[in-house]
Amino acid sequence: KSVMSSHLVWLCVRDKSSFVMKRNGVQLTSEPHNLTGRNTFKYSGLAQKKTLAIKPSSKGLTLSKKSTKPSNARRPSSLVKSTPLKRNIKLSVKAIKNNTKNYRPDLEKAALARACALFRAKRAKSAGVKPKAQRSRRGRKSAAKSS
C-alpha cells in the first residue's frame, strides 16, 4: 500500500520535478509513463497509481502498465507489466482498447494518439523521409540577412 495519496504526491511533484520543462508558456514533462507530455495530474506518471506507457520497440510497440498489486510496490522490477504490440496498426489499436477498457478508460484516446504517431514516425523513417529544416526563432528576416 502506498504511503501517500496520489494528490499529495502531485502537490509535491507538479512544479519541482526534474522532468518539468516550461516552453512558450506551457508546462511539459518528460517523465516516464506520461502519454502526452503535458504536466497535468491526469497524465502524470509519477503521481498516478495506474499509468500507461507506449514505447517503440524493435518489432513494433510496447504497452506498459503499472501494477496495482500492493505486494509489487517494493519491487520495481515487477512493478511494470509490458505487453508487446504487433506490427499491424489494427491489432495494436484493438489491444490498446482492450487494455485501457478496465484499467484507465480516460487514457484511451491519448494512448491511441500516441500509438498512431509512433507508427506514422516509423513508417516515415522506413520510407526515407527527411524531417523539415527548422526555421530560426526570428523566421524569414534572419534567413534573408544571412543570404
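Keep in mind that this is a model prediction, so the values were computed, not measured.

What counts, and at which threshold
- Residues numbered from 1 in each chain as written.
- Predicted model: local features only at pLDDT ≥ 70, side-chain atom pairs only at ≥ 80, totals over all residues.
- Heavy atoms only, no water.
- Helix = DSSP H or I, 4+ residues; strand = E, 2+ residues; numbered from the N terminus.
- Contact = heavy atoms within 4.5 Å.
- Areas by Shrake-Rupley, 256 points an atom, 1.4 Å probe, with all protein chains shown as cover.
- Pairing = 2+ DSSP bridges.
- Axes fitted to C-alpha atoms, helices over the stretch in contact; angles between N-to-C directions.
- Buried < 20%, exposed > 50% of the residue type's maximum accessible area, 1.4 Å probe, protein only.
- Polar contact = N/O pair within 3.5 Å; in protein donor to acceptor, adjacent residues only side chain to side chain.
- Core = buried A, V, L, I, M, F, W, Y, C linked by side-chain atoms within 4.5 Å.
- Salt bridge = Lys/Arg side-chain N within 4 Å of Asp/Glu carboxyl O.

Asks: When you look at the overall build of the protein in this model, what are you seeing that I'm missing?
Replies: In terms of helices and strands, the protein carries five helices and five strands. Mapped in sequence order, the helices and strands of the protein form the string α-β-β-β-β-α-β-α-α-α. Considering only contacts in the protein between residues 6 or more positions apart, those separated by 24 or more positions represent 40%. When the accessible area of the protein is evaluated, it comes to approximately 10900 Å², of which 54% is carbon and sulfur surface.

Asks: Any chance you could explain the sheet that holds strand S4 (residues 60–66) here in plain terms?
Replies: Backbone hydrogen bonds hold the strands of a sheet together, and the pairing may be parallel or antiparallel. Reading across the sheet, the three strands line up as S3-S4-S5 and stay open at both edges, with antiparallel pairing between neighbours. Edge positions in the sheet fall to strand S3 (52–57) and strand S5 (80–85), since each of these pairs with one other strand and no more. Strand-to-strand, the axes of this sheet are offset by a mean angle of 25°, without reference to chain direction. As paired elements, S3 and S4 share six bridges and run antiparallel to each other. Considered in S4, the bridge of Ile54 is made with Leu63. The strands touched by helix H3 (residues 89–101) within the sheet are S3, S4 and S5, with S5 carrying the most contacts at an inclination of about 155°. Of the strands in this sheet, S3 and S4 touch helix H4 (residues 108–127), which is tilted by about 10° from S3.

Asks: Help me understand the side chain of Ser44, please; the structure alone is not making it clear to me.
Replies: Tracing the backbone shows Ser44 in the loop between strand S2 (26–29) and S3. Here Ser44 falls in the buried class, since its relative accessible area comes to 1%. A polar side-chain atom of Ser44 sits 3.1 Å from the main-chain amide nitrogen of Ala47. Here Ser44 is in contact with Trp10, Glu31, Asn34 and Thr51, once residues within four sequence places are set aside.

Asks: Any chance you could explain the nonpolar core here in plain terms?
Replies: Nonpolar side chains tend toward joint burial in soluble globular proteins. Counting 16 residues, the largest nonpolar core has Leu35, Leu52, Ile54, Leu61 and Ile96 as the members making the most contacts within it. Among the elements of the structure, S3, S4 and H4 are those that each provide at least two residues to this core. If you tally residues by element for this core, the top one is H4, at six residues.

Asks: Even after reading the chapter, I still don't get the side chain of Ser92, so can you show me in this structure?
Replies: Here Ser92 lies in helix H3. If we ignore the near neighbours within four places in the chain, the residues touching Ser92 are Leu85, Lys86 and Phe119.

Asks: I would appreciate a short explanation of unusual backbone geometry in the present structure.
Replies: Note on backbone geometry: most residues besides glycine have negative phi, and most peptide bonds are trans. A positive phi angle, close to 55°, is found at Asn24, a residue other than glycine. On the basis of relative accessible area, Asn24 is assigned to the exposed category, the value being 80%. A positive phi angle, near 65°, is found at His33, a position not held by glycine. Within the secondary structure, His33 sits in the loop between S2 and S3.

Asks: Whenever I open this one, the pairing of S2 confuses me. Can you help?
Replies: For a regular strand, side chains alternate in direction, first toward one face of the sheet and then toward the other. Summarising the sheet, strand S1 (residues 20–23) and S2 pair through four bridges and their orientation is antiparallel. Directly across from Lys22, in S2, lies its bridge partner Gln27.

Asks: Sorry if this is basic, but what is going on with the pattern of salt bridges here?
Replies: Oppositely charged side chains are able to pair whenever their charged atoms sit close together. Tallied over the entire structure, the rule returns two salt bridges. In this structure, Arg14 and Asp15 form a salt bridge, with 3.9 Å as the shortest nitrogen-oxygen distance. On the basis of relative accessible area, Arg14 is assigned to the partly exposed category, the value being 35%. Across the pair Arg104 and Asp106 runs a salt bridge whose closest N-O atoms are separated by 3.1 Å.

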